[in-house]
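Structure assessment
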Amino acid sequence: MTQHSTGRITRRSALAAGAALGAGALGASQAMAAAPGPEAPVPSDPRLGSAPEPLKLNEAVGTTAAVSCVDPYASDIGLSILQGGGSAMDAAVAMAAALGVTEPYSCGIGGGGFLLYRDAATGLVHTIDGRETAPMSYTETQFTDASGAELDFDAVVNSGLSIGVPGTPAMWALAAERFGTLPLGALLEPAEQLARRGFVVDQHFHSQTDENAERFSRFPETARVFLRDGSAPEVGSTFANPDLAEVYRRLRTEGIDVFYRGDIGAAILAEANAPSAVSGQEVQGSPMTAADLARYSPVLRAPTVSAYRGMTVFGMAAPSSGGVAVGEILNLLEHYELRTGIGLAQLGETDYLHRFSEACATAFADRNRWVGDVADVPYAELLGDGFAAERAEIMRPSSARPRPIPFGWPDGDYTTAPPAGAAQPEPYEGQSTTHLNVVDQWGNAVSYTLTIEQTGGSGITVPGHGFLLNNELTDFNFVPVTPGVPDPNLPGPGKRPRSSMAPTIITDATGLRLVVGTPGGATIITSVAQIIAGHFERGLPLVDAIAAPRLSSRNDEDGEETDLGLAGSPAGRGLTGLGHHLAPREEKNWIGNASGISREAIGLVAAAETVRGGGGAARAW
């Protein structure tokens with residue numbers, strides 16, 4: 001479904017517009033009611049009146065501004081902020097807060113994230129690292145027992161040990177103050193009203209709740225907030241979260257100190273230190289202290305920067321590995337062309353995906369060895385032509401290299417054969433996250449990925465406050481990936497675990513070209529790179545590049561994962577013939593749920609998923 005919106009709507013205050021959206025008026029959805037598509041269901045809950053559930057549109061074209069994400073409530077709020085005169089950062093913060101209501105198992109104030117912001121006036125790209133941090137008491141052996149063996153992963157996930165100090169509220173405050181035009185209080189009000197009045201439960205929300213119902217039932221407060229008589233809320237019912245609404249109200253009116261140094265923080269600590277579990281469930285607590293919480297600060301970092309087809313790719317630096325890995329994949333694809341003399345546009349689907357798979361596996365080998373929250377990440381070498389040329393030499397044009405591929409040596413010496421690197425297995429990373437994109441009327445752009453780690457985070461809800469706490473510290477490697485090889489992603493005091501989140505902005509000499517990102521754990525990197533390659537190399541419209549079947553090769557010896565039927569397609573059979581080991585994903589575990597905005601000759605094109613996650617929500621005007 002494509003929505004073309006090129007006219008301007010009468011300006012009004014962003015605060016009043018957002019409040020109306022939160023109350024269920026959903027002006028943007030009503031303005032787009034003429035768009036073709038299925039009739040939206042009308043909720044029966046009187047708190048929403050007769051306002052329809054907002055439409056999920058996978059593409060929208062406009063000349064002024066655009067937003068896209070997974071959720072129509074959040075997209076409508078973001079668009080209304082823009083139409084009311086707000087900036088890209090204003091809309092991004094308001095959308096993120098709304099996603100904390102409607103996507104509470106993927107993000108929220110109990111988690112963290114990474115954000116890229118491009119200032120159109122200067123062309124500069126800034127990043128904010130709002131990643132969660134480990135308590136200062138953590139050491140490299142935090143997740144091992146007395147014998148040095150790894151602790152049970154599932155037990156750690158569903159415990160206080162997995163909870164990092166949340167970064168999201170502090171990140172929003174910094175983003176609004178440094179790059180926004182409206183106060184944080186105004187930006188949180190639409191989400192407050194949305195949480196208070198409720199949203200219409202869709203199949204995606206119902207399924208995520210249902211799949212986690214047993215885990216949620218271990219924690220009485222989580223069951224009280226997110227289950228209804230022990231079960232997932234029914235599709236079409238209204239889900240309200242008055243406890244979260246009250247937290248948003250207090251953040252609006254009292255500021256974020258109440259979260260990091262006040263009574264909300266005290267409630268976080270009490271629950272993290274001694275999780276409230278049902279009788280018979282033993283849940284280990286966190287050693288997090290009030291000082292750990294008060295010490296938290298988001299970080300303004302320089303972006304990763306790499307060249308690609310005459311464009312500049314901006315990504316997120318460590319502790320994210322997204323910027324490095326996406327940049328290296330794109331560099332390798334270019335160097336494969338230089339080496340073979342055949343461009344990606346000239347290849348059939350099998351050979352294209354073969355090259356893509358080899359580039360991804362190689363980049364993952366390198367990020368696992370060299371990228372983490374450490375001081376000496378060799379960005380210039382990892383994203384340089386010399387390293388890419390050396391790593392491209394190992395690619396076999398007509399057969400897959402055995403997995404795992406050994407890591408390379410970004411040492412600046414690319415004239416002699418490098419030493420042999422170890423073939424390291426791929427460590428675990430959770431899949432649940434969410435992403436949003438905004439471009440405003442001045443051309444400023446935001447790409448923002450936010451998370452609480454796996455679906456439902458730790459499963460632990462702060463009593464009386466309506467939000468889940470993250471399990472981000474399980475993104476650390478519990479033990480070194482390879483004995484005897486330095487591991488940059490071991491836990492440590494105050495350290496931020498490595499992430500694959502890859503919010504990305506691409507520009508050329510004329511300005512902005514693409515804003516893109518996705519959830520999906522370690523598959524984020526491969527999905528973002530495949531969308532970029534599909535759009536720029538294969539000539540796909542952005543919405544088709546997002547909808548295309550995905551291949552995720554992360555240097556795992558078990559092989560590449562695929563979704564949307566790729567494994568059984570002619571291209572999939574061709575890949576198998578080249579030696580790739582494809583592992584199809586079930587529908588509920590499809591790879592990613594992406595969205596983006598591209599600048600085209602026709603204007604700004606916002607795009608989102610067509611099928612994955614029930615489809616996404618693109619808006620433009």
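Residues numbered from 1 in each chain as written. Predicted model: local features only at pLDDT ≥ 70, side-chain atom pairs only at ≥ 80, totals over all residues. Heavy atoms only, no water.

Description of the overall build of the protein chain
Each helix and strand counted, the protein chain has 21 helices and 20 strands in total. Each principal axis of the C-alpha distribution contributes one length, and for the protein chain these read about 70 × 60 × 45 Å. In the protein chain, which comprises 621 residues, the proportion classed as buried is 63%. Restricting to contacts in the protein chain with at least 6 residues of sequence separation, those with at least 24 account for 73%. When the accessible surface of the protein chain is split by element, carbon and sulfur atoms take 52% of a total near 20400 Å². (Helix = DSSP H or I, 4+ residues; strand = E, 2+ residues; numbered from the N terminus. Buried < 20%, exposed > 50% of the residue type's maximum accessible area, 1.4 Å probe, protein only. Contact = heavy atoms within 4.5 Å. Areas by Shrake-Rupley, 256 points an atom, 1.4 Å probe, with all protein chains shown as cover.)

Quick look at the packing of helix α7 (residues 184-197) against helix α11 (residues 242-254)
When two helices pack together, their arrangement is captured by the angle between the axes and the distance separating the axes. Contact pair α7 / α11: the axes reach a minimum separation of 8 Å and the direction vectors enclose 165°. In this view, α7 runs roughly antiparallel relative to α11, as classed from their interaxial angle. Once α7 is placed against α11, the crossing between them reads as left-handed. Contact residues: G185, L188, E189, A191, E192, A195 and R196 in α7; P242, A245, E246, Y248, R249, L251 and R252 in α11. Split into classes, the residues belonging to the contact of α7 with α11 amount to seven nonpolar, one polar and six charged. (Axes fitted to C-alpha atoms, helices over the stretch in contact; angles between N-to-C directions. Parallel < 35°, antiparallel > 145°, perpendicular 65-115°, else oblique. Left-handed = near helix turned anticlockwise from the far one by under 90°. Nonpolar A, V, L, I, M, F, W, Y, C, P; charged D, E, K, R; others polar.)

Examining the sheet that holds strand β15 (residues 551-552)
Taken together, three strands build an open sheet; the order of strands is β15-β16-β17 and the sheet is mixed. A strand with exactly one partner marks an edge of an open sheet, and here the two such strands are β15 and β17 (582-584). (Pairing = 2+ DSSP bridges.)

Remarks on the packing of helix α4 (residues 88-102) against α7
In the contact formed by α4 and α7, the axes pass within 8 Å of each other and the chain directions differ by 25°. Classified by the interaxial angle, the pair formed by α4 and α7 is roughly parallel. The chirality of how α4 crosses α7 is right-handed. Between α4 and α7, the residues in contact are D90, V93, A94, A97, A98, V101 and T102 and L184, L187, L188, A191, L194 and A195, respectively. Grouping the amino acids of the contact of α4 with α7 by side-chain chemistry returns eleven nonpolar, one polar and one charged.

A short note on the sheet that holds strand β20 (residues 617-620)
Ordered in space as β8-β5-β4-β12-β11-β3-β20, the seven strands form an open sheet in which the pairing is antiparallel. Looking along the sheet, the strands with just one partner apiece sit at the ends: β8 (299-301) and β20. Going across the sheet, the axis of each strand differs from the next one's by a mean of 10°, ignoring polarity. Pairing between strand β3 (residues 66-69) and strand β11 (residues 433-439): four bridges, direction antiparallel. Bridge assignment links A66 to a residue of β11, and that residue is V439. Together, β3, β4 (112-118), β11 and β12 (445-451) form the strand contacts of α4, whose direction differs from that of β11 by roughly 155°.

A look at helix α15 (residues 322-340)
With 19 residues, α15 should cover 27 Å at 1.5 Å per step; its first-to-last C-alpha distance of 27 Å lies within 8% of that length. Taking burial as the measure, the 19 residues of α15 include 15 buried ones, the bulk of the element. Just downstream of α15 lies G341, where phi reads positive at about 80°. (Expected span 1.5 Å × (residues − 1).)

Structural notes on unusual backbone geometry
Residue A318 is joined to P319 through a cis peptide bond whose omega torsion reads 20°. Position of P319 among the secondary structure elements: in the loop between β10 (311-315) and α15. The phi dihedral of D229 falls on the positive side, at around 55°, and the residue is not glycine. Here D229 is to be found in the loop between α10 (220-226) and β7 (238-239).

Describing the side chain of D487
Relative to the elements of secondary structure, D487 occurs in the loop between β12 and β13 (504-508). The buried charged residue D487 lacks any salt bridge partner; its closest oppositely charged side chain belongs to R498, at an N-O distance of 5.2 Å. A polar atom in the side chain of D487 sits 2.9 Å from the side chain of N477. A polar contact is formed between the side chain of D487 and the backbone nitrogen of V481, at a distance of 3.0 Å. Those residues in contact with D487 that sit more than four places away from it in its chain are N477, V479, P480 and V481. (Lys, Arg positive; Asp, Glu negative; His and termini not counted. Salt bridge = Lys/Arg side-chain N within 4 Å of Asp/Glu carboxyl O. Polar contact = N/O pair within 3.5 Å; in protein donor to acceptor, adjacent residues only side chain to side chain.)

Looking at the pattern of salt bridges
Scanning all chains against the criterion turns up 32 salt bridges. Put simply, E132 and R131 hold a salt bridge, and the shortest N to O gap is 3.5 Å. We note that E132, like R131, is buried. Residue R309 is joined to E334 by a salt bridge in which the shortest nitrogen-to-oxygen separation is 3.7 Å.

Section: the UniProt feature "active site" (unreviewed entry) in the protein chain
Listed under "active site" (unreviewed entry) in the UniProt record, and renumbered for this structure, are T433. Assignment of secondary structure puts T433 in strand β11. If sequence neighbours within four positions are ignored, T433 has contacts with S106, T449, L450, T451, E453, M501, P519 and G520. Here the side chain of T433 touches T451 through a polar contact of 3.1 Å, side chain to side chain. (UniProt positions renumbered as here; feature names shortened; annotations may be inferred.)

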